[in-house]
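Each chain, written out:
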Amino acid sequence: MWDFFQTVRHRHSVRRYQPDMPVEAEKLHAILEAVSTAPSAGDLQSYHVYVLTSPAARARLQDAAPDQTFITEAPLALVFCADRERPRERFGARGCDLFATQDATIAAAFAQLAAVAAGLASAWVGRFDREQICAQLELPMHLDPVAVISVGYPAELPAPTPRRRLDEVVTRL
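Thresholds applied
- Residues numbered from 1 in each chain as written.
- Predicted model: local features only at pLDDT ≥ 70, side-chain atom pairs only at ≥ 80, totals over all residues.
- Heavy atoms only, no water.
- Helix = DSSP H or I, 4+ residues; strand = E, 2+ residues; numbered from the N terminus.
- Buried < 20%, exposed > 50% of the residue type's maximum accessible area, 1.4 Å probe, protein only.
- Polar contact = N/O pair within 3.5 Å; in protein donor to acceptor, adjacent residues only side chain to side chain.
- Contact = heavy atoms within 4.5 Å.
- Core = buried A, V, L, I, M, F, W, Y, C linked by side-chain atoms within 4.5 Å.

**As for the environment of Ala 56**
Part 1 of the reasoning: Note on placement: Ala 56 falls in helix α3 (residues 55-63).
Part 2 of the reasoning: Residues Ala 56 and Arg 86, spaced 30 residues apart in sequence, show a C-alpha to C-alpha distance of 30 Å.

Structure (structure tokens):
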């Protein structure tokens, strides 16, 4: 098995998948287990994940993100929602507005890394019609979709994209 740093280096956004190769149940379970280990504010796990495996559900999801056609090509889509009510009692408005979003995005990042470790690929989708996803998934009012992650076996292996130098993104004091 790869070490953590190899997993991180091999994570790339993949937008072409082998649609005839479903994600095995044990790999999906491993990804979801990794999601549940993600750090969260107050250890509240203020998020909820919707798992979309049916082609019809993914097609409806793609309607909310029309320029992200790979959502229907990938055999699996995960919708990460911030649970705005869960942190309210402990953290008040800041928990609802910020911590829940952070929890959901950290969980989504863990899902992407777990997918790589499982020999799969993924892409993060943040550009979508929020209201449309809420309606399609019939989300309760306290759940707010913040990320869609497509997952599957890659049909392409894109070259790594250029990254900014560390001295451009890090300040040491």
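Next comes the rest of the description.
**Overview of the side chain of Ser 150**
Part 1 of the reasoning: In this structure, Ser 150 sits in strand β4 (residues 143-152).
Part 2 of the reasoning: Classification of Ser 150 as buried rests on a relative accessible area of 1%.
Part 3 of the reasoning: A polar contact is formed between the side chain of Ser 150 and the side chain of Tyr 17, at a distance of 2.8 Å.
Part 4 of the reasoning: Not counting chain neighbours up to four residues away, the residues in contact with Ser 150 comprise Val 14, Tyr 17, Phe 70, Ala 74, Leu 76, Ala 77, Ala 121, Ser 122 and Ala 123.

**Here we look at the nonpolar core**
Inside soluble globular proteins, nonpolar side chains tend to come together where they are buried.
Part 1 of the reasoning: Membership of the largest hydrophobic core comes to 26 residues, with the highest contact counts inside it found for Ile 31, Val 35, Leu 78, Phe 80, Leu 120 and Val 151.
Part 2 of the reasoning: Counting residues per element, the ones that place at least two in this core are α2 (25-36), β1 (47-52), β2 (76-83), α5 (88-117) and β4.
Part 3 of the reasoning: The greatest single-element share of this core, amounting to 7 residues, is contributed by α5.
Part 4 of the reasoning: Those residues in contact with Phe 80 that lie beyond four places of it in its chain are Val 35, His 48, Val 49, Ala 104, Ala 107, Ala 108, Ala 111, Asp 144, Pro 145, Val 146, Ala 147 and Ile 149.
Part 5 of the reasoning: Counting 24 residues, the second-largest nonpolar core is a separate cluster that includes Ile 71, Ala 121, Cys 134 and Leu 137.

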